[in-house]
Amino acid sequence: MGEAGAGRFVRGGSPSDEGVLAGLVAECMDHGWGRSQIAAALAARGARVRLVVETGRGPVAFLLARRIVDVLEIDLVGVHPDHRRRGMARQLLETLIAEESAAGLAEARLELAASNGTARRLYEGLGFVVVGSRSRYYPDGDDALLLARFLREGTASR
Ligand SMILES: CC(C)(COP(=O)(O)OP(=O)(O)OC[C@H]1O[C@@H](n2cnc3c(N)ncnc32)[C@H](O)[C@@H]1OP(=O)(O)O)[C@@H](O)C(=O)NCCC(=O)NCCS
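Every value quoted in this text rests on a predicted model; they were computed, and no experiment measured them. (Residues numbered from 1 in each chain as written. Predicted model: local features only at pLDDT ≥ 70, side-chain atom pairs only at ≥ 80, totals over all residues.)

Asks: Teacher, can you tell me more about the environment of Q91 here?
Replies: Looking at the element boundaries, Q91 is found in helix α3 (residues 88–102). Separated by 81 residues in the primary sequence, Q91 and V10 have C-alpha atoms spaced 9.4 Å apart. (Helix = DSSP H or I, 4+ residues; strand = E, 2+ residues; numbered from the N terminus.)

Asks: Where do I start with the site of the ligand in this structure?
Replies: In the region of the ligand, 20 residues are neighbours, and R84, A89, R90, A119 and L122 sit closest. Broken down by element, the shell around the ligand gets its largest block of residues, five residues, from helix α4 (residues 117–125). (Near = placed C-beta within 6 Å.)

Asks: Honestly, the environment of G34 in this entry has me stumped. Any pointers?
Replies: You can see G34 is positioned in the loop between α1 (18–28) and α2 (35–43). G34 gets classed as exposed once you count the C-beta atoms within 10 Å, which come to 11. Along the sequence, G34 and V60 sit 26 residues apart, while their C-alpha atoms lie 18 Å from each other. (Buried ≥ 20, exposed ≤ 12 C-beta atoms within 10 Å, placed from the backbone.)

Asks: It is not clear to me how the pairing of strand β8 (residues 144–150) should be interpreted in this structure. Could you clarify?
Replies: Here is the key point about a regular strand: its side chains alternate between the two faces of the sheet. Here β8 shows a buried face lined by L145, L147 and R149 and an unburied face lined by A144, L146, A148 and F150. Inspection of the sheet shows strand β6 (residues 107–113) paired to β8 by seven bridges, in the antiparallel sense. Among the inter-strand pairings, A108 is bridged to a residue of β8, identified as R149. Across five bridges, the pairing between strand β7 (residues 129–134) and β8 is antiparallel. What sits directly across from V129, in β8, is A148. (Pairing = 2+ DSSP bridges.)

Asks: Just to check I follow, could you spell out the packing of α1 against α2 for this structure?
Replies: Packed helices, taken two at a time, are described by the angle between their axes plus the distance between the axes. As a packed pair, α1 and α2 sit with axes 10 Å apart at the nearest point and diverge in direction by 125 degrees. By the angle between their directions, the pair α1 and α2 is classed as oblique. Judged by the sense of rotation from one axis to the other, the crossing of α1 with α2 is right-handed. Residues E18, L21, A22 and V25 of α1 form the contact with α2, whose own contacting residues are R35, I38, A39 and L42. When grouped by side-chain class, the residues that make up the contact of α1 with α2 number six nonpolar, no polar and two charged. (Axes fitted to C-alpha atoms, helices over the stretch in contact; angles between N-to-C directions. Parallel < 35°, antiparallel > 145°, perpendicular 65-115°, else oblique. Left-handed = near helix turned anticlockwise from the far one by under 90°. Contact = placed C-beta atoms within 7 Å. Nonpolar A, V, L, I, M, F, W, Y, C, P; charged D, E, K, R; others polar.)

Asks: Hey, could you run me through α1 in this one?
Replies: One full turn of an α-helix is made of 3.6 residues, so residues set three or four places apart face in the same direction. Burial in α1 covers these residues: L21, L24 and C28. Taken around the axis of α1, the buried residues stretch over an arc of 65 degrees, which confines them to a single face. What points out from α1, more than 90 degrees from its buried face, is the exposed set G19 and G23. If you follow the buried residues of α1, they end up packed against α2, β4 (58–68) and β5 (71–79). (Arc of directions from axis to C-beta.)

Asks: Which parts of the structure should I look at to understand unusual backbone geometry?
Replies: Trans is the prevailing form of peptide bonds, just as negative phi is the prevailing case for residues other than glycine. Look at R85: it is not a glycine, yet its phi comes out positive at around 60 degrees. With respect to the secondary-structure elements, R85 resides in the loop between β5 and α3. Residue class for R85 comes out exposed when judged on the 8 C-beta atoms lying within 10 Å of it. In the Ramachandran plot, R136 falls in the positive-phi region, its phi being about 50 degrees despite a non-glycine side chain. Considering the arrangement of structural elements, one finds R136 in the loop between β7 and β8.

Nothing here speaks to function; it is geometry throughout.
Dropping the structure here:
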């Protein structure tokens with residue numbers, strides 16, 4: 001359990017959080033994941049799941065990621081609209097990245113919609129850089145951007 005500010009804490013997630021996460025994903029995302037995708041992410045080998053819990057209210061933010069060999073693949077990050085701009089997403093990501101970096105992982109990666117400037121600012125602020133794109137990747141025709149960051153101490157972002 002980790003501190004995340006007054007009245008809230010971070011905890012790890014497990015397959016028993018499927019329902020909680022499905023509700024939170026629906027509240028946080030315009031085009032969220034379906035329940036089967038969430039269940040698969042929770043059960044995946046190497047799953048890294050974190051929830052921010054606000055005392056008296058319950059989970060208000062989440063991070064779904066997976067460790068794939070020596071890469072941390074960040075799948076989904078969401079913060080309830082009433083709780084944004086309080087550093088929760090940055091803290092979730094910084095904490096997990098520090099842990100995975102200490103465990104010897106080489107790189108973190110993710111993809112996001114090119115139109116999602118908010119998320120891009122969040123990740124670029126954490127040292128991620130755009131390393132590729134996929135044209136018209138999403139069903140609404142939006143492009144996907146691929147972002148990456150080296151993790152091991154002493155390696156620079158590319
Ligand atoms: C993107 C998202 C996760 C950010 O969560 P958050 O907890 O509000 O973000 P933080 O408070 O940690 O902000 C960290 C940095 O991100 C950037 N950022 C976050 N929200 C922003 C906004 N509305 N406008 C501009 N920059 C923003 C800023 O650089 C910010 O740093 P600053 O506050 O020092 O300026 C949240 O807006 C969200 O859930 N969006 C919908 C889901 C989504 O798009 N997820 C990402 C793709 S999976």
